[in-house]
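The primary structure of each chain is shown beneath.
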Amino acid sequence: VVLNALLRNPQYQDVIERTLSKYSRNIRNGLIPNMLPESGREANYDSIDATLWYLIILWKYGKCKQNKTYWLEVIHLSERIISALVENNDPNYSLREDGLIELSPTFAHGTWMDVRLDGKAVTPRWGAPVEINALWYNALCSYEAMIAEYNKLVNKSIEVKKEYLKLKDKVKQSFTKYYVDNYLADRLEGEKPILEIRPNAIIAVSLPWPVVDQDQMRKVLETAFAELYTFYGIRTLSPKDARFRKKYYGSQRDRDMAYHNGSAWAWLLGPFCGLYIKVYQKEKSKAELAKALSDFVATLRNGFMRGHIASVAEVWDGDAPHFPKGAPAQAWSVAALYNIESYIDSLGVEL
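Residues numbered from 1 in each chain as written. Predicted model: local features only at pLDDT ≥ 70, side-chain atom pairs only at ≥ 80, totals over all residues. Heavy atoms only, no water.

A. Looking closely at the overall build of the chain. Along the chain, the regular secondary structure elements total 13 helices and 14 strands. Here the chain has a C-alpha radius of gyration of 20 Å; the compact-globule value for 351 residues is 20 Å, and the two agree. In terms of overall dimensions, the chain has a C-alpha envelope of 60 × 50 × 50 Å along the principal axes. Per-residue burial for the chain yields a buried fraction of 52% across its 351 residues. When the accessible surface of the chain is totalled, it reaches about 16400 Å², and 51% of it is carbon and sulfur. When the 45 basic and 42 acidic side-chain charges of the chain are each reduced to a single mean position, those positions are 2 Å apart. (Helix = DSSP H or I, 4+ residues; strand = E, 2+ residues; numbered from the N terminus. Rg over C-alpha atoms; globule rule 2.2 N^0.38 Å. Buried < 20%, exposed > 50% of the residue type's maximum accessible area, 1.4 Å probe, protein only. Areas by Shrake-Rupley, 256 points an atom, 1.4 Å probe, with all protein chains shown as cover. Lys, Arg positive; Asp, Glu negative; His and termini not counted. Charge placed at Lys NZ, Arg CZ, Asp CG, Glu CD.)

Here's what the structure looks like:
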């Protein structure tokens, strides 16, 4: 989220390059760490989504840079990562026959919903999580797009590995298994869809390359708006679910139970607004789009303008009156709002 925000400003190019390069030197079994080996700590490889976001960012940054040496380097890097994910020397995950990535029960915490109590995931994501596989599909598309961009800049072209093209198509086809009752299942246990109204569906359909059709996107957005949207962020679970925790308070254990079971996260407003644009960009005017996005972030924006808040917190209570909780100043919360404001500015209309 933060790198996405930095991409919009050329003065941070050096920071982005150094960050991407640093992670490339710490790849293990196809995964980049979600915690680098710094200050005496060992690298932590407890997430799979970080690597898939990484491949998409390599493509996004390359589009800004447009340098053939860069493209060639990241194409080879992407092939190395994809090859490792496909060949898989890590017992925590596997590639299914249908092309989807599956997490083992011991790696049920391997997504951004990573809280564990007594060694067990509070929100278990074992099986084939929806956003992980949307990211997987987009990572494969990013690799293909990198080669297309490189070929534009040079006379001699290189070809996409055919096995990765086939895999990409297989993953896209397998996504039909997720769509049930106008929403996307949060994960698949074998062939069984686990129907939980969570924001992971929003993440899945907000990515650059669509995994469902336009009408299904709209249905996901409508359900998410009705059950997950708040003025301060997107809830991590629908209030209609029996496990919904409306307040983030109490002991560490109580807060851990609420963290991804109802608490509203500001950073999720980013993919939510991105999805809104994808759904309505051909139906609504630029002024209408800008007005809608402004309304979605109006409460937080007004908090800044009136001096009520100096930054953006990590989470809010999932139920009114939505008090801020967790980290009082969270980088990815700020970056998400910066991205949304950038979307609004790019529409070029006066509000």
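B. Summary view of helix α6 (residues 162-174). Taking 1.5 Å as the rise per residue, α6 with 13 residues should run 18 Å; its terminal C-alpha atoms sit 19 Å apart, in good agreement. Residues of α6 that are buried: Y164, L167, K168, V171 and S174. Down the axis, α6 shows its buried residues gathered within 130° of arc, on one side only. In this structure, α6 carries K162, K166 and Q173 as exposed residues pointing more than 90 degrees from its buried face. (Expected span 1.5 Å × (residues − 1). Arc of directions from axis to C-beta.)

C. The packing of aromatic side chains, seen in detail. For the coordinates displayed, the defined rule picks out 20 aromatic pairs. When the centroid spacing of 5.3 Å and the interplanar angle of 90° are considered together, the rings of W112 and W267 count as edge-to-face. In this pair, W112 sits in the loop between β2 (101-103) and β3 (116-117) while W267 sits in the loop between β12 (264-265) and α10 (269-280), placing the two residues 155 residues apart along the sequence. Of the two residues examined, W112 and W267, each falls in the buried class. Lying over the aromatic face of Y280, K284 brings its terminal NZ or CZ to 4.8 Å of the ring centre. (Phe/Tyr/Trp six-rings, centres within 6.5 Å; stacked < 30°, edge-to-face > 60°. Lys NZ or Arg CZ within 6 Å of the ring centre and 35° of its normal.)

D. Structural context of the packing of α10 against helix α11 (residues 286-296). Packing of α10 against α11 leaves a shortest axis separation of 11 Å and a crossing angle of 160°. Here α10 is positioned roughly antiparallel relative to α11, judged by the angle of their axes. The handedness of the crossing between α10 and α11 is right-handed. Residues L269, F272, C273, Y276, I277 and Y280 of α10 form the contact with α11, whose own contacting residues are L289, A292, L293 and F296. The residue inventory of the contact of α10 with α11, partitioned by class, reads 10 nonpolar, no polar and no charged. (Axes fitted to C-alpha atoms, helices over the stretch in contact; angles between N-to-C directions. Parallel < 35°, antiparallel > 145°, perpendicular 65-115°, else oblique. Left-handed = near helix turned anticlockwise from the far one by under 90°. Contact = heavy atoms within 4.5 Å. Nonpolar A, V, L, I, M, F, W, Y, C, P; charged D, E, K, R; others polar.)

Geometric values such as these leave the question of function open.
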